[in-house]
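# Tertiary structure, described
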Amino acid sequence: MTTPTLDLKTTVTRDHPVTQKSATIQIDRDEFDESVVRLAFSGQWGTTYVTLTATEARTIASALEQTATDAANAEATDE
């Protein structure tokens, strides 16, 4: 595994009924195929990995950025 580009400590809602546990989200590149982006969710249950192509990773990044912008705008109008 390469050094994570992102290592975010957060709360993950994993199952139903809803339970929240401390967890980590990491983003890195696969050590054997650097064209693959790996997204990992780690918590007390272990680690769940998702492997993505560069195109898939960009699509997710764009969706996160747009959603974060929308949330920030909504927050600003609530104040």
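Everything below is about the structure shown above.
Everything in this summary refers to the structure shown in the same document. Remember, predicted model here, so these are calculated numbers, not experimental data.

### Focus on the layout of surface pockets
In this structure, the largest pocket occupies an estimated 210 Å³ of space. For the largest pocket, the lining is made up of 10 residues, of which Ile27, Leu39, Ile60, Ala61 and Leu64 are closest to its centre. For the lining of the largest pocket, the secondary-structure elements that each account for two or more residues are β2 (20–29), β3 (37–43) and α1 (54–78). Counting residues per element, the lining of the largest pocket draws most heavily on α1, at 4 residues. Looking at the lining of the largest pocket, its residues break down into 10 nonpolar, no polar and no charged.

### Description of the nonpolar core
If you look at the biggest cluster of nonpolar residues, it comprises 5 residues: Ile25, Val37, Leu39, Leu52 and Ala57. The contacts of leucine 39, once residues within four sequence positions are left out, are Ile25, Gln26, Ile27, Thr48, Tyr49, Val50 and Leu52.

Thresholds applied
- Residues numbered from 1 in each chain as written.
- Predicted model: local features only at pLDDT ≥ 70, side-chain atom pairs only at ≥ 80, totals over all residues.
- Heavy atoms only, no water.
- 1 Å grid on protein atoms, 1.4 Å probe; cavity = no way out; pocket = protein on both sides within 12 Å on 5 of 7 lines; lining within 4 Å.
- Points joined across faces, edges and corners; volume = space filled by probe spheres on them.
- Helix = DSSP H or I, 4+ residues; strand = E, 2+ residues; numbered from the N terminus.
- Nonpolar A, V, L, I, M, F, W, Y, C, P; charged D, E, K, R; others polar.
- Core = buried A, V, L, I, M, F, W, Y, C linked by side-chain atoms within 4.5 Å.
- Buried < 20%, exposed > 50% of the residue type's maximum accessible area, 1.4 Å probe, protein only.
- Contact = heavy atoms within 4.5 Å.

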